[in-house]
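Examination of the molecular architecture
One-letter residues, chain by chain:
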Amino acid sequence: GQQVMQIPQYQHVQEGEDFTTYCNSSTTLSNIQWYKQRPGGHPVFLIQLVKSGEVKKQKRLTFQFGEAKKNSSLHITATQTTDVGTYFCAGLGYSTLTFGKGTMLLVSP
Amino acid sequence: EAGVAQSPRYKIIEKRQSVAFWCNPISGHATLYWYQQILGQGPKLLIQFQNNGVVDDSQLPKDRFSAERLKGVDSTLKIQPAKLEDSAVYLCASSLPSGNTIYFGEGSWLTVV
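Bear in mind that the values here come from a model prediction, so they are computed numbers and not experimental data.

**Overview of the interface of chain B and chain A**
Each side of the interface is counted separately: chain B has 20 residues, and chain A has 17 residues. For the interface between chain B and chain A, the tally reads 0 salt bridges. For the pair chain B and chain A, the interface holds 2 residue pairs in polar contact (both at pLDDT 80 or more). Among the secondary structure elements, those contributing two or more residues to the side of chain B that touches chain A are strand 4 (31–37), strand 5 (44–50) and strand 6 (53–56) of chain B. Partitioning the side of chain B that touches chain A into residue classes produces 8 nonpolar, 10 polar and 2 charged.

Listed below in structure tokens is the structure:
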């Protein structure tokens with residue numbers, strides 16, 4: 001079945017440093033979505049990428065979808081303590097959305 | 001607009017007991033999902049409904065888990081009998097046509113002792 005892998009599993013940065021998480025699918029995706037889950041909370045939708053090579057920005061967050069539609073990345077510029085949480089990618093294959101295991105981000109002030 | 005409602009929020013049961021979780025999706029959302037999230041892992045899809053029909057239940061342990069969505073609105077997820085490894089957060093989510101933004105509920109935290 002479809003598998004979605006994320007790296008790294010965990011990253012600890014100092015406030016102001018950049019952060020990137022990578023997502024790879026075993027199969028070509030229809031779209032990829034990114035979610036953020038705060039500690040003790042539930043996943044909250046951030047963005048959806050559909051087109052090959054698509055790049056979208058939300059303030060300090062930049063999302064990319066690979067040309068082959070099998071990989072994606074999320075980059076945060078100048079992290080803040082409010083960025084703390086686990087970031088999940090979720091890839092849509094034929095009809096099922098499969099989540100990666102997530103990257104936990106810790107930001108020290 | 002109201003979000004996805006789930007209950008109970010927390011449940012502690014002994015192994016071999018049964019438990020049921022309830023979900024009310026966002027009004028008008030035809031697609032409803034139940035996910036299991038074990039601590040430190042990503043959500044794993046258990047079952048996906050489109051209206052009251054099952055779209056995908058390939059990862060649902062059918063010997064102990066069951067789910068229904070009568071009338072295509074509310075849904076219940078039942079576990080009987082529970083095992084220790086069922087300890088997890090059970091997330092209900094809903095969306096418009098499958099593949100669009102998924103809105104999660106706050107989750108039902110299950111501890112099996």
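**A closer look at the packing of aromatic side chains**
This structure, assessed with the given rule, holds 13 aromatic pairs over all chains. Both rings, one in Tyr35(A) and one in Phe104(B), keep their centres 5.8 Å apart while their planes meet at 85°; by these two values the pair is edge-to-face. Residue Tyr35(A) is located in strand 4 (residues 31–37), and its partner Phe104(B) is located in strand 10 (residues 103–104); the two belong to separate chains. Here the two residues Tyr35(A) and Phe104(B) agree in accessibility, since each one is buried. Here the aromatic residues Tyr35(A), Phe45(A), Phe88(A), Phe99(A), Tyr33(B), Tyr35(B) and Phe104(B) are joined through ring pairs into a cluster of three or more.

**Description of the sheet that holds strand 7 (residues 65–68) of chain B**
The pairing of strands in a sheet happens through backbone hydrogen bonds and is either parallel or antiparallel. Residue and element names in this part refer to chain B. Spatial strand order, 1-3-8-7: 4 strands in an open sheet with antiparallel pairing. Here the strands that pair on one side only, and so sit at the sheet edges, are strand 1 (5–7) and strand 7. On average, each strand axis in the sheet is tilted by 15° relative to the strand beside it, whichever way the strands run. Pairing of strand 1 with strand 3 (residues 19–24), which is carried by 3 bridges, proceeds in the antiparallel orientation. By the bridge assignment for strand 3, Ser7 is matched with Trp22.

**Topic: the side chain of Thr79(A)**
All names here are of chain A. By secondary structure assignment, the location of Thr79 is in the loop between strand 8 (71–76) and strand 9 (85–92). In this structure Thr79 comes out as buried when scored by relative accessible area, which is 1%. If we skip the residues at most four places from it in the chain, Thr79 touches Val13, Gln14, Glu15, Gly16, Glu17, Asp18, Phe19, Arg60 and Val107.

**Side note on the nonpolar core**
Counting 21 residues, the largest nonpolar core has Phe21(B), Trp34(B), Leu77(B), Ile79(B), Tyr90(B) and Leu110(B) as its most contacted members. Looking at this core, the elements that each hand over two or more residues are strand 3, strand 4, strand 5, strand 8 (75–79), strand 9 (88–95) and strand 11 (108–112) of chain B. Beyond its immediate stretch of four places on either side in the chain, Tyr90(B) contacts Gln6(B), Phe21(B), Trp34(B), Tyr35(B), Gln36(B), Leu46(B), Phe65(B), Leu77(B), Ile79(B), Gly107(B), Ser108(B) and Leu110(B). Within the second largest apolar cluster, 19 residues are counted, among which are Val4(A), Leu61(A), Tyr87(A) and Leu105(A).

Conventions used here
- Residues numbered from 1 in each chain as written.
- Chains lettered and ligands numbered in written order.
- Predicted model: local features only at pLDDT ≥ 70, side-chain atom pairs only at ≥ 80, totals over all residues.
- Heavy atoms only, no water.
- Contact = heavy atoms within 4.5 Å.
- Salt bridge = Lys/Arg side-chain N within 4 Å of Asp/Glu carboxyl O.
- Polar contact = N/O pair within 3.5 Å; in protein donor to acceptor, adjacent residues only side chain to side chain.
- Helix = DSSP H or I, 4+ residues; strand = E, 2+ residues; numbered from the N terminus.
- Nonpolar A, V, L, I, M, F, W, Y, C, P; charged D, E, K, R; others polar.
- Phe/Tyr/Trp six-rings, centres within 6.5 Å; stacked < 30°, edge-to-face > 60°.
- Buried < 20%, exposed > 50% of the residue type's maximum accessible area, 1.4 Å probe, protein only.
- Pairing = 2+ DSSP bridges.
- Axes fitted to C-alpha atoms, helices over the stretch in contact; angles between N-to-C directions.
- Core = buried A, V, L, I, M, F, W, Y, C linked by side-chain atoms within 4.5 Å.

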